[in-house]
Amino acid sequence: MDSEICIIIESVSDIITAREQGRTIGKELGFSFTDLTIIATVISEVARNILVFAKEGEIILGMTRQGGRHGIVIIARDRGPGIPDIPLAMQDGYSTRKGLGLGLPGVRRLMDEFEIISEVGKGTTVTMKKWVYQT
Amino acid sequence: MEVPILKQGDFLIATIQAALTDADLLKLHYALVEQVGKHRSKGVIIDVTALDVMDSFATKTLRSLAHMVRLRGAETVICGIQPEVAFTMVQLGLTLEGISTALDLEEGLALLNQSTGKREA
């Protein structure tokens with residue numbers, strides 16, 4: 001990552017701070033207005049998961065370059081209870097009512113890259129990337 | 001930042017400003033269900049034109065707000081969902097099933113006039 005900023009998530013107002021920072025970085029990178037909305041919404045979802053399940057954690061935002069393209073990296077990290085069943089968490093709860101309702105399947109659909117590492121009792125880290133679409 | 005609620009005839013109009021906190025949304029909940037009774041309102045319009053992010057929490061809140069208003073005997077119309085917000089909501093799998101929506105405030109008022117008028121007839 002070229003540069004990064006870290007936002008501590010421990011209250012609801014931190015969620016708003018994090019998504020506004022995401023918008024600012026996204027704008028700098030030249031994302032479309034729709035993509036900026038997607039980035040802000042994704043940050044909102046993962047930041048809320050931190051607050052609800054882990055009470056506190058952090059959102060790290062950065063710019064990334066890879067093979068001629070550039071994009072935003074969003075990392076959501078907490079030292080909360082962890083997710084025991086990741087495949088279940090990745091099931092679409094809105095349509096099947098089987099998922100955990102963490103909103104992660106939707107978040108994955110909105111991003112280009114999505115990776116989740118979680119250990120019960122240790123915490124969860126979600127790393128996501130979205131590339132600027134070049135015409 | 002509290003959400004202002006305007007009384008317009010038989011209807012209440014709540015205009016949501018950008019970046020509402022959860023506490024503001026919950027306050028709006030209580031204010032609306034209370035004011036529907038106080039003003040004997042038949043309909044509520046929630047204008048979300050200025051809302052730039054509609055995440056699962058905001059959607060859930062709006063849904064329960066509309067259901068509460070219905071239990072108080074009035075109808076709710078949510079108006080002004082922006083195109084990119086609508087796009088993101090669909091991708092996230094968020095729905096406002098069973099809740100009336102309108103393009104903007106004007107359409108929202110027209111919709112309420114129509115539906116509450118029918119009920120009286």
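Residues numbered from 1 in each chain as written. Chains lettered and ligands numbered in written order. Predicted model: local features only at pLDDT ≥ 70, side-chain atom pairs only at ≥ 80, totals over all residues. Heavy atoms only, no water.

**Q** Lay out the overall build of chain A in plain terms, naming residues and giving numbers.
**A** From N to C terminus, chain A includes 5 helices and 5 strands. Tracing chain A from N to C terminus, the helices and strands come up as β-α-α-β-β-α-α-α-β-β. Taken over C-alpha atoms, the radius of gyration comes to 14 Å for chain A, in line with the 14 Å a tight globule of 135 residues would show. Split into buried and exposed, the 135 residues of chain A put 54% on the buried side. Within chain A, contacts between residues at least 6 apart in sequence are counted, and of these 59% link residues at least 24 apart. Carbon and sulfur atoms make up 50% of the accessible area of chain A, which totals about 6,600 Å². Charged side chains in chain A number 16 positive and 17 negative. The centres of these two groups are separated by 5 Å. (Helix = DSSP H or I, 4+ residues; strand = E, 2+ residues; numbered from the N terminus. Rg over C-alpha atoms; globule rule 2.2 N^0.38 Å. Buried < 20%, exposed > 50% of the residue type's maximum accessible area, 1.4 Å probe, protein only. Contact = heavy atoms within 4.5 Å. Areas by Shrake-Rupley, 256 points an atom, 1.4 Å probe, with all protein chains shown as cover. Lys, Arg positive; Asp, Glu negative; His and termini not counted. Charge placed at Lys NZ, Arg CZ, Asp CG, Glu CD.)

**Q** Break down the layout of surface pockets for me, with residues and values.
**A** Residues and elements named next belong to chain A. A volume near 230 Å³ is recorded for the second largest pocket. Taken together, 16 residues line the second largest pocket, and the ones lying closest to its centre are N49, F53, D78, I83 and T124. Among the elements of the structure, α2 (33-54), β3 (69-78) and β5 (123-131) are those that each provide at least two residues to the lining of the second largest pocket. The class makeup of the residues in the lining of the second largest pocket is 11 nonpolar, 4 polar and 1 charged. (1 Å grid on protein atoms, 1.4 Å probe; cavity = no way out; pocket = protein on both sides within 12 Å on 5 of 7 lines; lining within 4 Å. Points joined across faces, edges and corners; volume = space filled by probe spheres on them. Nonpolar A, V, L, I, M, F, W, Y, C, P; charged D, E, K, R; others polar.)

**Q** Before we move on, can you summarise helix α1 (residues 22-38) of chain B with the specific residues and values?
**A** Taking 1.5 Å as the rise per residue, α1(B) with 17 residues should run 24 Å; its terminal C-alpha atoms sit 24 Å apart, in good agreement. B:D22, B:D24, B:L25, B:L28, B:H29, B:L32, B:V33, B:Q35 and B:V36 are the residues of α1(B) that are buried. Where α1(B) is buried, its residues meet α1 (12-29) and α2 of chain A together with β1 (5-8), β2 (11-15), β3 (43-47) and α2 (56-71) of chain B. B:R40 occupies a position one or two residues after α1(B) and carries a positive phi of about 50°. (Expected span 1.5 Å × (residues − 1).)

**Q** Tell me about the pattern of salt bridges, and please be specific about residues and values.
**A** Inspection of the entire model under this criterion finds 6 salt bridges over all chains. With a closest N to O distance of 3.2 Å, B:D52 and A:R23 form a salt bridge. In this pair, B:D52 sits in the loop between β3 and α2 while A:R23 sits in helix α1, so the two residues belong to two different chains. The exposure class assigned to B:D52 is partly exposed, which follows from its relative accessible area of 27%. Judged by its relative accessible area of 12%, A:R23 falls in the buried class. A salt bridge links A:E113 to A:R69, with the nearest nitrogen and oxygen atoms 4.0 Å apart. (Salt bridge = Lys/Arg side-chain N within 4 Å of Asp/Glu carboxyl O.)

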